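Coordinate analysis (summary)
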Amino acid sequence: MTDTMKAAVVTRFGAPLEIQELEIPTPGPGEALIKTLYSGVCHTDLHAAHGDWPVKPTPPFVPGHEGAGEVVAVGEGVTRLAVGDWAGNAWLWSACGACEWCETGRETLCPKAQYGGYTKNGSFGQYMLVDARFAPRIPKSVDLAAVAPILCAGVTVYKGLKVSEVKPGQWVLISGVGGLGHIAVQYAVAMGMRVVTVDVDDAKSRLARKHGAEYAFNAAVEGNGLAAKIKEVTGGGVHGALVTAVNGKAFPQAMGALRSGGTVSLVGLPPEAFPLDIFSTVLFGLTVRGSLVGTRKDMEEAIDFFARGLIKPTYTVQPLAEVNDIFDDMIAAKIDGRVVMDLQH
Ligand SMILES: [Zn+2]
Ligand SMILES: [Zn+2]
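Since the model is a prediction, treat every value here as computed from it, not as a measurement.

Within the protein chain, the secondary structure is distributed over 11 helices and 16 strands. Counting across all 345 residues of the protein chain, residues that qualify as buried make up 54%. Within the protein chain, contacts between residues at least 6 apart in sequence are counted, and of these 68% link residues at least 24 apart. In the protein chain, 30 side chains carry a positive charge and 35 a negative one; their mean positions are 6 Å apart.

The next subject is the domain arrangement of the protein chain. Here the domain parsing of the protein chain yields domain 1 (4-152 + 294-342) and domain 2 (154-290). The C-alpha-based centres of domain 1 and domain 2 are spaced at 27 Å. Contacts between the two partners involve 19 residues from domain 1 and, on the opposite side, 17 residues from domain 2. Across the domain 1 to domain 2 interface the summed buried area is about 1600 Å²; carbon plus sulfur atoms make up 58%. When the buried area of domain 1 at its contact with domain 2 is split by residue, Asp298, Phe305 and Ile311 rank highest and sum to 28% of it. One can count three salt bridges joining domain 1 with domain 2. For aspartate 298, the salt bridge is made with lysine 159, and the minimal N-O distance between the two is 2.7 Å.

A few words on the coordination of the zinc ion (ligand 1). With distances of 2.0 to 2.2 Å, the protein atoms coordinating the zinc ion (ligand 1) are Cys42 (SG), His65 (NE2) and Cys152 (SG). Summarised as a motif, the one-chain spacing of the donors to the zinc ion (ligand 1) is C-x22-H-x86-C. Placement of the pair is histidine 65 in the loop between helix H1 (43-50) and strand S4 (67-74) and cysteine 152 in the loop between helix H2 (144-147) and helix H3 (153-163), with a sequence separation of 87 residues. Take histidine 65 and cysteine 152: they sit in the same class, and that class is buried.

Taken together, Cys96 (SG), Cys99 (SG), Cys102 (SG) and Cys110 (SG) make up the protein donors of the zinc ion (ligand 2), found 2.3 to 2.4 Å from the metal. Here the zinc ion (ligand 2) is ringed by four donor atoms whose angles at the metal span 106 to 116°, and the overall shape comes out tetrahedral. As a motif over one chain, the donors of the zinc ion (ligand 2) read C-x2-C-x2-C-x7-C. Each member of the pair cysteine 102 and cysteine 110 is classed as buried.

Secondary-structure assignment places lysine 159 in helix H3. Assessed through its relative accessible area of 17%, lysine 159 is described here as buried. Once residues lying within four places of it in the same chain are set aside, the contact partners of lysine 159 are Ser291, Val293, Gly294, Thr295 and Asp298.

Turning our attention to the packing of aromatic side chains. Under the counting rule described, the total for this entry stands at 10 aromatic pairs. Ring centres 6.0 Å apart and planes at 45° place the aromatic pair tryptophan 171 and tyrosine 215 in the tilted group. One end of the pair, tryptophan 171, is in strand S9 (residues 171-175); the other, tyrosine 215, is in strand S11 (residues 215-218), with 44 residues separating them in the sequence. Taken together, a centroid distance of 5.2 Å and an interplanar angle of 20° make the contact between phenylalanine 251 and phenylalanine 274 stacked. Taken together, the residues phenylalanine 251 in helix H8 (residues 250-257) and phenylalanine 274 in the loop between strand S13 (258-266) and helix H9 (278-283) connect sequence positions 23 residues apart.

Those residues of H8 not exposed but buried are Ala250, Phe251, Ala254, Met255 and Ala257. Looking straight down H8, one finds its buried side chains confined to an arc of 165°; they lie on one side. Contacts made by the buried residues of H8 are with S9, helix H7 (226-233), strand S12 (238-243), S13, H9 and strand S14 (287-290).

This part takes up the sheet that holds S12. Pairing in this open sheet of six strands is parallel, and the strands run S11-S10-S9-S12-S13-S14 from one edge to the other. Two strands lie at the open edges of the sheet, namely S11 and S14, each paired on one side alone. With strand direction ignored, the average angle separating the axes of adjacent strands in the sheet is 20°. Note that S12 and S13 share five bridges and pair parallel. By the bridge assignment, valine 238 is partnered in S13 with leucine 258. Relative to S9, helix H4 (residues 181-190) is tilted by about 170°, and along the sheet it contacts S9, strand S10 (194-199) and S12. Where H7 meets the sheet, its contacts fall on S9, S10, S11, S12 and S13, and the angle it forms with S11 comes to roughly 170°.

Reading guide: rules and limits
Residues numbered from 1 in each chain as written. Chains lettered and ligands numbered in written order. Predicted model: local features only at pLDDT ≥ 70, side-chain atom pairs only at ≥ 80, totals over all residues. Heavy atoms only, no water. Helix = DSSP H or I, 4+ residues; strand = E, 2+ residues; numbered from the N terminus. Buried < 20%, exposed > 50% of the residue type's maximum accessible area, 1.4 Å probe, protein only. Contact = heavy atoms within 4.5 Å. Lys, Arg positive; Asp, Glu negative; His and termini not counted. Charge placed at Lys NZ, Arg CZ, Asp CG, Glu CD. Domains from an automatic or database assignment. Buried area = accessible area lost by both parts, 1.4 Å probe. Salt bridge = Lys/Arg side-chain N within 4 Å of Asp/Glu carboxyl O. Donors = N, O, S within 2.8 Å, 3.2 Å for Na, K, Ca; no water. Tetrahedral: all angles 85-135°; square planar, octahedral: opposite > 155°, others 65-115°. Phe/Tyr/Trp six-rings, centres within 6.5 Å; stacked < 30°, edge-to-face > 60°. Arc of directions from axis to C-beta. Pairing = 2+ DSSP bridges. Axes fitted to C-alpha atoms, helices over the stretch in contact; angles between N-to-C directions.

What follows is the structure, encoded as structure tokens:
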């Protein structure tokens, strides 16, 4: 092992990331050192690098929370991971284990949580530290580049679908068939849900049908008749909806497509607020629910669906050196599916 590694570093908000030579960190008690082979690039990494959110990371830092690789060293007291294992990092880098949310199976809401690539250096480096209690374990049977998008995009939509409370055989609407949405369609089908999608791009609708959506509507074509059309084909409306789109119209569209008692689950993070039609929310008993990534257990389940060959993310591989071009493409909405960076070449 060499003493230094390459990493993409945010030196100040809004500036291009710098590829720097950093010292390879040493795992402390409870930590493991992972040689990162691949890392997905998430919109959150872009928001982190721009300092867009109210609670900001502190530059300099290394973004990235979809990293997958091999454990090369473990710190004192680590039993859950061993050298040679495959593992990754995640947005939920760690949680305290002792607060009311940790104690009730909702560790993603822990106020003392640490975040991968945000409050802790992440996977845009050739090596990274993880909390061995929280690092996702990856079976050796999978393709490490392909599994990377599961570690944030996959677990996010999987948990979002779970909390939509749609049961097998019931209808779910997936709004937006982009990086998150095309994976969501596959999870929903694998979970036994019947899928309707909405996008504004016919190519995305074809992709949704390929992955098992029974109906794929173009919101730009259907216009104001969209909700009625969805209600017609689903016999009264969808039981739940997952909004991954960051388009301002997606939220009211999803609410309008629900059947009575339905739930809209939000996982996208658009900058705007949305008006809520209180009358129909009350009259039809609708629920709006936010969902943030997933717990360790959700992650294990999400990876298991992938390992069984049920989820095939669309992705392209690019080298770490192109990180700023990848961000530019993300801003210009030019990315199809996910970009996964090759950290070692
Ligand atoms: Zn993410
Ligand atoms: Zn906690």
